[in-house]
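A structural walkthrough
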Amino acid sequence: MPQEKTEATGPRLFCFGLGYSAGVLSRRLMAKGWTVAGTARSEPRLREIAALGAEAYPFDRDRPLDDPRAALAGTTHILSSVPPDESGDPVLDHHGADIAALGGLVWAGYLCTTGVYGDRGGEWVDESAEPRPSSARGRRRVAGERAWMELKDRADTPVHIFRLAGIYGPGRSAVDQVKAGTARRIDKPGQVFSRIHVEDIANVLEASMARPNPGAVYNVCDDEPAPAEQVTAYAAELLGLEPPPLVPIDQAELSPMARSFYADNRRVSNRRIREELGVELFFPTYREGLRAIADESNGD
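Below you will find a few notes about this structure. (Residues numbered from 1 in each chain as written. Predicted model: local features only at pLDDT ≥ 70, side-chain atom pairs only at ≥ 80, totals over all residues. Heavy atoms only, no water.)

1. What to know about the overall build of the protein
- Counting its regular elements, the protein contains 11 helices and 13 strands.
- Taken over the C-alpha trace, the protein has a radius of gyration of 20 Å; the compact-globule value for 300 residues is 19 Å, and the two agree within 12%.
- Seen through its principal axes, the protein has C-alpha atoms that stretch 55 × 45 × 40 Å.
- Each of the 300 residues in the protein was classed as buried or not, and the buried ones make up 50%.
- Long-range contacts, defined here as pairs at least 24 residues apart, represent 79% of the contacts in the protein between residues at least 6 apart.
- For the protein, the computed accessible surface area is about 14100 Å², with 48% contributed by carbon and sulfur atoms.
- When the 36 positive and 44 negative side-chain charges of the protein are each reduced to one mean point, those points stand 2 Å apart. (Helix = DSSP H or I, 4+ residues; strand = E, 2+ residues; numbered from the N terminus. Rg over C-alpha atoms; globule rule 2.2 N^0.38 Å. Buried < 20%, exposed > 50% of the residue type's maximum accessible area, 1.4 Å probe, protein only. Contact = heavy atoms within 4.5 Å. Areas by Shrake-Rupley, 256 points an atom, 1.4 Å probe, with all protein chains shown as cover. Lys, Arg positive; Asp, Glu negative; His and termini not counted. Charge placed at Lys NZ, Arg CZ, Asp CG, Glu CD.)

This is the structure:
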């Protein structure tokens, strides 16, 4: 059951998909007096959202908002992290018209992925590059971006697109994998990945909310793309453990999903978030991010 709605007098964020990244942002904004509401698919997750002090609403492709007008009333900011499926974007398919009708909406953010760029042979890519997704999942993401931008053009909705690199943070990092004994080091010479700490995702989103620029697209990544095996080795070093052995990629037993990540090789530029939004990353490389996670997990 959704949590009883409170009367909002200040800014109100509604998150379609209040998960890991949106949760960090929500906690920050609530500490500043914002009202936050969000959706989830499962009852346990809905209870977690309510425990944060946020309003919780069930939502997925097969379960649209019960009373969208009431749920969205008073919303000044919307964030969607719900991925598109084979039928399209569930949020827009069910509630695009409801979002378009919001009179007081000043900012809307759509969380996408740098996977829309596809394989660039390890070269640098920025937001001016035409998306060239190399998988069906990536093509759906491009279609999702397009649908949100069409909403902007059709209804003058203040949409912003955020292309996230690989997300890590407490509980979801190489440090956690090494500690759990589940880390692997795959050897594919020349392969690099861009990544971003979850706190810096919230950092970028807050900066955009402070400087709305409808139609803008932002890469959200740190300063240093790096090989995944190098990141894992550093995590092991922080913990005083031996890193897992390197396994050549042609000998590694990878799931189709994991193998698809290694099919794309690119370095993603974050210049726009620094120059346009004035963002200073809390964790400019994986080293600072993993060190903070290791220190916290060790109780330091």
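2. Some remarks on the pairing of strand S11 (residues 217-220)
- Taking every second residue as pointing to the same face, both faces of S11 are buried, with Val217 and Asn219 on one and Tyr218 and Val220 on the other.
- Inspection of the sheet shows strand S7 (residues 159-164) paired to S11 by 4 bridges, in the parallel sense. Directly across from Ile161, in S11, lies its bridge partner Val217. (Pairing = 2+ DSSP bridges.)

3. Points about the packing of aromatic side chains
- Applying the stated rule across the entire model yields 8 aromatic pairs.
- Consider the rings of Phe14 and Tyr57, whose centres lie 5.8 Å apart with planes at 35°: the pair is tilted. In this pair, Phe14 is assigned in strand S1 (residues 12-16) and Tyr57 in strand S3 (residues 55-58), connecting sequence segments 43 residues apart. For the pair shown, Phe14 and Tyr57 are each scored as buried.
- An aromatic cluster of at least three residues, connected via ring pairs, comprises Phe14, Phe16, Tyr57 and Phe59.
- Just above the ring of Phe261 sits the side chain of Arg137; from NZ or CZ to the centre is 5.3 Å.
- Positioned over the ring face of Tyr20 is Arg172, at 4.2 Å from the centre of the ring. (Phe/Tyr/Trp six-rings, centres within 6.5 Å; stacked < 30°, edge-to-face > 60°. Lys NZ or Arg CZ within 6 Å of the ring centre and 35° of its normal.)

4. Here's the deal with helix H2 (residues 43-51)
- The distance from a side-chain oxygen at the start of H2 to the backbone nitrogen of Arg45 is 3.2 Å, and the residue carrying that oxygen is Ser42.
- The first or second residue beyond H2 is Gly53, which carries a positive phi of 95°. (Polar contact = N/O pair within 3.5 Å; in protein donor to acceptor, adjacent residues only side chain to side chain.)

5. Some details on the side chain of Arg28
- Tracing the backbone through its elements, the reader meets Arg28 in helix H1 (residues 20-31).
- On the accessibility criterion, Arg28 (19% relative accessible area) is buried.
- At a separation of 3.1 Å, a polar atom in the side chain of Arg28 contacts the side chain of Glu206.
- Contacts of Arg28, omitting those with residues within four sequence positions, involve Glu199, Ala202, Asn203, Glu206 and Phe282.

6. Overview of the pattern of salt bridges
- Inspection of the entire model under this criterion finds 12 salt bridges.
- As a salt-bridge pair, Glu199 and Arg28 come within 2.9 Å of each other at their nearest N and O atoms. With Glu199 in helix H7 (residues 198-210) and Arg28 in helix H1, the pair connects residues that are 171 residues apart, well separated along the chain.
- Of the residues examined, Glu199 reaches a relative accessible area of 29% and is grouped as partly exposed.
- A salt bridge links Glu206 to Arg28; the shortest N-O distance between them is 3.1 Å. Pair noted here: Glu206 is in helix H7 and Arg28 is in helix H1, with a separation of 178 residues, a long-range link.
- Residue classification places Glu206 among the buried positions, given a relative accessible area of 18%.
- By sharing partners, the salt bridges in this structure join Arg28, Lys32, Glu199 and Glu206 into a single network. (Salt bridge = Lys/Arg side-chain N within 4 Å of Asp/Glu carboxyl O.)

7. Topic: the packing of helix H4 (residues 90-100) against helix H5 (residues 136-155)
- Where H4 contacts H5, the two axes come as close as 11 Å, and the packing angle between them is 25°. Here H4 lies roughly parallel to H5, going by the angle between them. In terms of crossing hand, the pair formed by H4 and H5 is right-handed. Contacts from Val91, Leu92, Gly96, Ile99 and Ala100 of H4 reach H5 at Ala147, Trp148, Leu151 and Ala155. (Axes fitted to C-alpha atoms, helices over the stretch in contact; angles between N-to-C directions. Parallel < 35°, antiparallel > 145°, perpendicular 65-115°, else oblique. Left-handed = near helix turned anticlockwise from the far one by under 90°.)

8. Description of the pairing of S7
- S7 sits mainly inside the fold: 6 of its 6 residues count as buried.
- Covered by surrounding structure in S7 are Val159, Ile161 and Arg163 together with His160, Phe162 and Leu164, the residues of both alternating faces.
- Two elements, strand S5 (residues 107-113) and S7, share 6 bridges in a ladder whose sense is parallel. Bridge assignment links Tyr110 to a residue of S7, and that residue is Ile161.

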